[in-house]
Amino acid sequence: MVRLELKGTPVAPGVGVGPCFVVVETTQEKVPRRDVSEDQVEVALEHFEQARVHTMDKLREIQEVTSRELGEGDAAIYGAQIAVLQDPSALDAIRQMVRQELVAPESAIQAVVDKFEALFESLEGGEIKNWAADLRDPWYAVIRELNLEEEELLAVGEGRMVLVAPELTPGLVARHRNHPLAGILTARGGRFSHGAVLARAFGIPTVIGLEAVHAKARNGEPCVVYGDDGRVFLGAEARLREEADAYARDRAAIQASLNAAAGRPCEMTCGRTIQVLANIESLRDLEMFEPSHTDGVGLFRTEFAYMERPVFPGEKEQTELYRNVLEHFPDKPVVFRTLDIGGDKQLRYFQTPVESNPVLGWRGLRVSLEWKDLFLIQLKALVNARQQGDVRVMLPMVTTVEEVKEVKNMLDTLRADAKDSVRRVPLGIMLEVPAAAMALEDLAAEVEFVSVGTNDLTQYLFAVDRDNALVSKLYQPFHPAHLRVLRIVARTCDLLGKNLSVCGEMAGQLAGALYLVGAGYRSLSMAPPFIPEVKAVLRLASFHELSRLAKEARSCSTAGEAHKLLEEAAATYWRQVVRDAGTSRETSGAAP
Ligand code: PEP
Ligand code: MG
């Protein structure tokens, strides 16, 4: 028996079994009304009080750090937010609603916030309307705190949970840091959004595109998530859970056999060796995989270290972080990508302008070149860390040669100031903007290496927002147009003798890795869970075979045909991997 069976879009492989927990996302929609029974009222009010006090404590902490690092003027806003949470009339209204109308505290807070908003809406003047946000934000922080506390309680009682939310965001996935997750289910999100990228990196089975799943799931009910094919069972009976456990055991057996060989170089049958690198987001990711399975780090997304903190990290703190990462990779390259915020990656301590088209707006290097003082701190920290290992600096969202020259000037000034005779830190660009692919000769002349970000390159090549489910069918990394651009990039770098890699998600998909190696790429960087299987498959192939396959894929006229061709080739190699591993399961664990 199952209460509800659903089918969505799988975005991170694996199978998960655990109780559901519905995450309240105050930034995206209003909190729905939830009732409490009369005997739950006092406990609910106690939780409310705890959450309010915790929120005020957190605000005080941020206020102190901000005041120390940026001055009292900038810290004043947090004092005002604390005062909002002490307002006796709002407190009375919330407590009364819980007691008299028997609604949960978060629903009562929402009702009070709605009243403020209606009041400010009726007043004249744009500035006054902004005050509504000043009152709303601290109360929304209390709602999130309440939700987090409830989640903690369930996690302590029931173990690994399946998070259910309206949208797959990086913040949602980051909750796995509080406690391990069995899965994630969301109504919205993109397969190549940063939330999906993180879910794959952390190995959390994830399914999106499940309509209103956050309204359908019930807290605490048992759930099964198949991240390989998108099946979801809410209120799953014991038999379904046992089936899922058996599937997971099979999967683990293959993984164990692949892990045993993952430390060996990725040498193809023809003798060509492919460099296989890891994409990581934080120091904690290093606990989840074995650095000796990789040839280094091809993409360290530094922005996540910035996003997790309450204030911008200083030079000393960043230097320490970069040194710590390097320590795990002695004698191996570590490519640090400079701050890449914008779109779905925001720093909560900086107000960035509201843009009507953020994906085409103020992102990546564009932000760093405007906020030069902050960018300089990061460059200094990276240069400081170079004694610890093989630091390489990579710039995101590069569009023009002038941008790269500006960064080189900054690095030159830094070195001159330090009277530094030590070797230069190699500089590289991410190739994500189609114009950069067409001007690659000029750009490549300025740098030591190039890494293709296929996630963004696909987004910009096809003019489809990678987070927007409405146009997701046009987001086609396997479209021959993209495959041809990738081939042009490989040939150009080959002719120029420039180091080239791919760090977009395509490198971690078996079909994608086969294509890229066939198109001439000798270096692939991917989320750590995919390294063992990509290595296992490539070891069974020769460059000659893959080069023919890649050519055939490029000559297709639709994404569907090219994808099918590459998927079929991947499935053939994978069957061989499974046979060699001596298990029966045929589903790959690679990125769906
Ligand atoms: C990419 O765009 O392919 C990439 C690796 O960067 P991100 O996914 O962080 O935008
Ligand atoms: Mg990108």
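Computed from a predicted model, the values in this text were never measured in an experiment.

**Q** How should the environment of Ala-244 be read in this particular structure?
**A** Mapped onto the elements, Ala-244 comes out in helix 9 (residues 238-261). Taking the C-alpha atoms as reference, Ala-244 lies 8.5 Å from Val-225; in sequence the two are 19 residues apart. Not counting residues within four places of it along the chain, the set of residues in contact with Ala-244 comprises Val-15, Val-17, Val-224 and Tyr-226.

**Q** Please clarify how the nonpolar core should be interpreted in this entry.
**A** Most often, soluble globular proteins keep nonpolar side chains buried together rather than apart. Grouped together as the largest cluster of nonpolar side chains are 130 residues, with contacts concentrated most on Tyr-515, Tyr-521 and Leu-524. Examining the composition of this core, we find that 9 residues originate from one element, helix 22 (residues 559-581), more than from any other. Split by domain, this core shows at least three residues from each of two domains, domain 1 (2-236) and domain 2 (250-588). Core analysis: the next-biggest nonpolar cluster, separate from the first, contains 34 residues, Val-31, Leu-45, Met-56 and Val-142 among them.

**Q** Explain the domain arrangement of the chain here, please?
**A** Where interface size is quoted, it is often the accessible area lost as the parts come together. We note that the domain assignment places domain 1 (2-236) and domain 2 (250-588) within the chain. Relative placement of domain 1 and domain 2: their C-alpha centres are 32 Å apart. Counting residues at the interface gives 23 residues for domain 1, matched by 29 residues for domain 2. Considering only the surface of domain 1 that becomes buried against domain 2, Arg-177, Phe-192 and His-194 emerge as the three largest contributors, covering 32% of it. In this assembly, domain 1 and domain 2 are joined by 2 salt bridges. In this structure, Arg-251 and Asp-228 form a salt bridge, with 3.4 Å as the shortest nitrogen-oxygen distance. At the boundary of domain 1 and domain 2, one finds 4 residue pairs in polar contact (both at pLDDT 80 or more). At the level of elements, helix 1 (41-70) and helix 7 (194-201) are the ones that each hand at least two residues to the side of domain 1 that touches domain 2. In terms of residue count, the dominant contributor to the side of domain 1 that touches domain 2 is helix 7 (6 residues). Here the residues of the side of domain 1 that touches domain 2 sort into 9 nonpolar, 9 polar and 5 charged.

**Q** In this structure, what is going on with the site of ligand 1? I would like to understand it.
**A** Contacts to ligand 1 come from 14 residues, most closely from His-194, Arg-301, Gly-453, Asn-455 and Arg-466. Interatomic distance of 3.2 Å between a backbone N/O atom of Thr-454 and an oxygen atom of ligand 1. Secondary structure elements with two or more residues in the shell around ligand 1: strand 11 (297-301) and helix 17 (454-462). If you tally residues by element for the shell around ligand 1, the top one is helix 17, at 3 residues. Split by residue class, the shell around ligand 1 holds 3 nonpolar, 5 polar and 6 charged.

Reading the values: the criteria
- Residues numbered from 1 in each chain as written.
- Chains lettered and ligands numbered in written order.
- Predicted model: local features only at pLDDT ≥ 70, side-chain atom pairs only at ≥ 80, totals over all residues.
- Heavy atoms only, no water.
- Helix = DSSP H or I, 4+ residues; strand = E, 2+ residues; numbered from the N terminus.
- Contact = heavy atoms within 4.5 Å.
- Core = buried A, V, L, I, M, F, W, Y, C linked by side-chain atoms within 4.5 Å.
- Buried < 20%, exposed > 50% of the residue type's maximum accessible area, 1.4 Å probe, protein only.
- Domains from an automatic or database assignment.
- Buried area = accessible area lost by both parts, 1.4 Å probe.
- Salt bridge = Lys/Arg side-chain N within 4 Å of Asp/Glu carboxyl O.
- Polar contact = N/O pair within 3.5 Å; in protein donor to acceptor, adjacent residues only side chain to side chain.
- Nonpolar A, V, L, I, M, F, W, Y, C, P; charged D, E, K, R; others polar.
- Near = heavy atom within 4 Å.

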